[in-house]
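Survey of secondary and tertiary structure
Given next are the chains, with one letter for each unit.
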Amino acid sequence: MALTIISLIKQVPLPSEMRMGDDGLMDRTKAKSIINIDCQFGLEAGLQLKKQYPDAKMIVCSMGPPSFEVALRTAISMGYDEAYLLSDRKLGGSDTYATGLAISTMLKHLGFTKDAKEPFIVLAGRQTSDGDTAHVPSQVAENLGIPQATFVESIKADGQGNVIAKRIIEGGYQLMKLPMPCTISLTPTGVPPRKPSLVGAIKARSLPITVFGIDDIGLGTEKIGINGSPTIVANVINLVSERAPVIMSEGHTDTVMVDSLITNFKKGRNILEKKEKVEKKILEKPEFPFFDNRNGAKGILTWAEVTNGKISRPSIELLTPARKLAEQLGNDTKIMTLLIGKNVKALAPTLFEHGSDEVIVVENDKLEEYLVLPFSSIFAQVIKERNPEIVLFGATTSGRELAPRIGVKTGSGVTADCTGLEIGEYINRKEKIINKPILHSRRPTYGESKLATILGFVYPQISTARAGTFEVPPREKGRTGLLSVFIPKLVEKDFVVEILKTERDEGVLQNLFEADVIVSGGRGTTGDGLKLVKKLAEELKLQGVKAEWACSRVVVDEGVAEYAHQIGQTGKTVRPKVYIAVGISGAIQHIAGMKESEKIIAIDHNPKAFIFHYADFGIVGEYEDILPELIDRVKSGYTFGMDVVKN
Amino acid sequence: MSNVDTVKTDILIIGGGPSGLATAIHLADVLKQYDKKGRILLVEKGSSIGSHILSGAVIKADIFKTLLPDVDFNEIPLNAKVSSDTTVLLSEKGSLKLPFHVPYMNNNGNYTASLGQICRYLAKKAEEKGVEIYPGFSINEILYQDGKVIGAKTIDTGLDHHGRQMDNYQPGTRIEAKLTIFAEGTRGSLAKQLIKKYDLQKGRNEQIYSLGCKELWSVPEGNIKPGEIYHTMGYPLNMHEFGGGFVYGLNDNKVAVGLVVGLDYQDPTFDVHDAFQVWKTNPFISKFLKGGKLVEYGAKTLPEGGYYSIPKLYVDGALIVGDSAGFVTMPALKGVHLAVTSGMLAAKTAFRAISNNDFSEVILRGYETLIEESAIYKDMYPVRNFRQGFSKGLILGAFHFGTQLITGGAGFFGKLKTELDSEATKKLDELTFKPFKERFKGKLEFDKVLTFDKATDVYFTGVNHDEQQIPHLHINNPATYETVNIKQYGAPSQFFCSAEVYELHTDKQGHQEIRIHAENCLHCKTCDIKSPGDGITWMVPNGGNGPEFQNM
């Protein structure tokens, strides 16, 4: 029984902060391409698994233009055996739905179906840096009809045909057991990708790569490419950093540097002069007739995610955009919320009080913890019965895998990790109609450098909303609504994946959302096990400041801190009044998780650290010199201007 | 994967610069000409060919006609042909154009160029001829057997700072080669090991070096014409410092500027990068850059000991070519044509070895004979004493050079000796003139328009190093480093480093220590050359690490 390990990879441009072209501008034409970072972790996870299965066949697959061969050859030089590329002009403009369909069709063509005799495992990166959707792994799994685990950090085989996956969840992790075949998507927090070996590179130089066109794999054109995709990108605008230049502390000793910081901090940060917005040219709106293509779909369905017996905060935040959309749609549009779990009925009033009009309850003892297979099945059944026009999820690790899996079942495209949701219209020049009403889902992409507006034309329109972006709607005590019970049809196969262990610290998560000051340590501060970072937060607390300590991904990787403290994981944006980044270089995921803080102080020894581009105040220095000085100041009453709550 | 993989080849070339590529191209040509087979494998530590290549450069381009006789000369990516060539003597604010050239510095018929671009082109040609080129792999070990060189091994990756194997550990690949060509460039870290092991410098002068810092600028139309070149002497260097600046006008309104300074200077606080910045403020220089923008920065050392510093160039199973061998001619500081020539001669020697299936010194010593008969000798021998003459200051140097011109290079004293650059540095309390910071007081505040601090310049190199690896800069003796380098010399590494790798940190108690930011390293190797006392060893980091020069 030989195992086949299949890695799905994508080639992406090198993240823009790495390279400048002539005259300091990013030159995309000359931009180097790399294997998407998350995919590299997927490749490495496969190579790690091979240690347990020395006879495993290693296959790497990609979909894209012929230039993607470079990435495939790199994978070979890392230790893979065979490479396949799906490359066809007709695939151009495919959205994630179409991509998931095309890749799974290629895998089926290669014999990897759910009924295959030999076991296989499909590995992928969590998401790509030029798309950030995290959809494709889920869509591939659903198309192949096999179980999945996404946001996985590491995998191990149990020797009995199962894979034990460590899946990252908000505030912790889960260990799950999946039977093979299955699909796993890897976060960039596992074993870092190995360097290619010379012997591998020599092999990669001459190894033939099999290139398929869509005809080769029997894929039609109806559901792929720009015309077959259920969603389109309607608009992309550049996101300009709203941070004014950092004010660096000056001085030759640590004391003077800290004095300088405190003085600067008191004076306030640099403010960007708001440039007058250029009047947008208003395109003449053609006189096309309005067309409502909802075909009877009505209402907004949201998911109430339950963690530790409570409705998770992102699920409640979700009711804010849901209410706005309902109002924009008018016509008595209702918000339905699906509440799945064990003995969860008691949670329904919370949802009513925050804005749900109807709560649909599914209770089952086997559903105490979220599992993608039964949950997606339940959703599909509810959607079929209720026919909503919009389905919304919090963009948590669960929401982000659940939504695309459901999307494949309903034929819908999904828009991931939205920061803006609005009802609008679409001028369809081809068909000479104006589609209205239609959901405009806005999401940052390309490493937070662009904001794209995505429209979906298949109902329900599905989007996930970034946690921390929308306010928790005000609670209306005593507000109530319709409570209904739904009995889904579930089969044994929906429960083939077993959760072995769940580790979650919600308390820290809550503290981070509510803290006024967050002291966050990066790789540069692990020398003392984060002692000084924690100490600074501790001293602030002693002064009566609402403070909490946090850390970057690497610190968690090195085992110095628990996941709950990590900033920059999916689904968590913190907004303290003061964010103190210590020894943090500024990986894009981290920046995304903290850049909306009111004031940011960065302390790092490396003057060219990326973090300084996003900071208001900076000190170039070693943390073990600067922090003791800062701690002394706090001890003698300095609180970064925060209000003090004396007990 | 615990077993080390082995690859077998006829020829292994370590380094994808002009000498290594010339070796590969010429050997492939000769093999083809005589219908012989031979596998040629070239390994380069930069992420791509050219990414670690930096040169002025004004090149004697005719050499490429010799290397690539079948190629249309216009196809070679040279920049502008030298149209005017002026030597200028600078003072703090003034300049004086010299009405003549320093002998041996005529650039008529030469071309400006980005050597990195040329190397990319040569690599393409080499691949077309069947050479296998693998960039992004570092070699850190020479393989020996029975006193012979039998190949080399790429670095083990997936090690942490302490050298412990991590989960993604990947052992290096053993490359077993009949002949290994060391073409690592200046102060090659393997060539250094080889020279030491076989005592190849015996009876020769020590190699001495200079450090060049270079910036590439994009300037407004009209600032300088393509092919308009200037060499400067004088300011900001004093009589104890050997070197000079260059301004090369390039096509598309680009200009390359740089300052090259001999590392036999005495002042432990001397800073070539900062001196380069000061040099740019002279009105004669700044006018070329006015209104322009910095595009790229880089630095490299170059061997300038000359003829008498060339080590023995062969051992059983190995040859040394190019800068690793010290083929640079003074005072013009030209090495590219010599690198190519030495590569071609190494290729001829390698061909003889393949033909005779004898890779021992018996055949390989023919390489040195070929060099003695070649243009390398003609270029280097007459100026064999040139650089040494200047090691005791410019006045004495000019005197020596004068006598050498009359006597055909011998001078009145015969072979002049060199001393190691690291030993030329004086202790703080031995310095008889103003230290660097006082000399240029008020001039070391960089405006980030015309002048840049090191950190900013480093940003314009694209440099990158994997965080998880054994630090590639090694202080040989931490105890004496503190007592000698820091206490007596004031930690010269913080000044001589071209990329702010070394930082002297003083804590509250006044204790001083050196902190190493290896991630900034531009692979110039000055620290390996110039550190007094027990010194610093520069080792290769992981493959693909280092600067990402585009057009240097």
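Residues numbered from 1 in each chain as written. Chains lettered and ligands numbered in written order. Predicted model: local features only at pLDDT ≥ 70, side-chain atom pairs only at ≥ 80, totals over all residues.

Notes on the overall build of chain B
Regarding its fold elements, chain B presents 18 helices and 23 strands. Principal-axis analysis of the C-alpha atoms places the extent of chain B at approximately 65 × 60 × 50 Å. Taking all 552 residues of chain B together, the buried fraction comes to 57%. Across chain B, the fraction of contacts at a sequence separation of at least 24, relative to all contacts at a separation of at least 6, is 77%. (Helix = DSSP H or I, 4+ residues; strand = E, 2+ residues; numbered from the N terminus. Buried ≥ 20, exposed ≤ 12 C-beta atoms within 10 Å, placed from the backbone. Contact = placed C-beta atoms within 7 Å.)

Re the pairing of strand β12 (residues 174-182) of chain B
Residues and elements named next belong to chain B. β12 sits mainly inside the fold: 7 of its 9 residues count as buried. Inspection of the sheet shows strand β1 (residues 6-14) paired to β12 by 8 bridges, in the parallel sense. Note that in β12 the partner of K8 across the bridge is E176. Where strand β9 (residues 148-154) meets β12, 3 bridges bridge the pair, whose relative direction is antiparallel. Looking at β12, one finds that A152 is bridged to I175. Looking at chain direction, β12 and strand β19 (residues 318-320) are connected through 3 bridges and run parallel. Considered in β19, the bridge of T180 is made with A318. (Pairing = 2+ DSSP bridges.)

So, the environment of R89(A)
Take R89(A): it is sitting in the loop between β5 (82-86) and α3 (96-109). A C-alpha to C-alpha distance of 38 Å links R89(A) and R386(A), two positions 297 residues apart in sequence.

Notes on the domain arrangement of chain A
We note that the domain assignment places domain 1 (4-229), domain 2 (247-273 + 505-635) and domain 3 (290-500) within chain A. Between the C-alpha centres of domain 1 of chain A and domain 2 of chain A there is a distance of 35 Å. (Domains from an automatic or database assignment.)

Quick look at the nonpolar core
Grouped together as the largest cluster of nonpolar side chains are 344 residues, with contacts concentrated most on I6(A), A75(A) and I181(B). For I181(B), the residues in contact, after removing those within four places along its chain, are I11(B), L12(B), I13(B), I14(B), G20(B), T23(B), L319(B), V321(B) and A346(B). (Core = buried A, V, L, I, M, F, W, Y, C linked by C-beta atoms within 7 Å.)

Considering the interface of chain A and chain B
Tallying the contact residues gives 23 residues for chain A and 26 residues for chain B. Class assignment for the residues of the side of chain A that touches chain B results in 8 nonpolar, 4 polar and 11 charged. (Nonpolar A, V, L, I, M, F, W, Y, C, P; charged D, E, K, R; others polar.)

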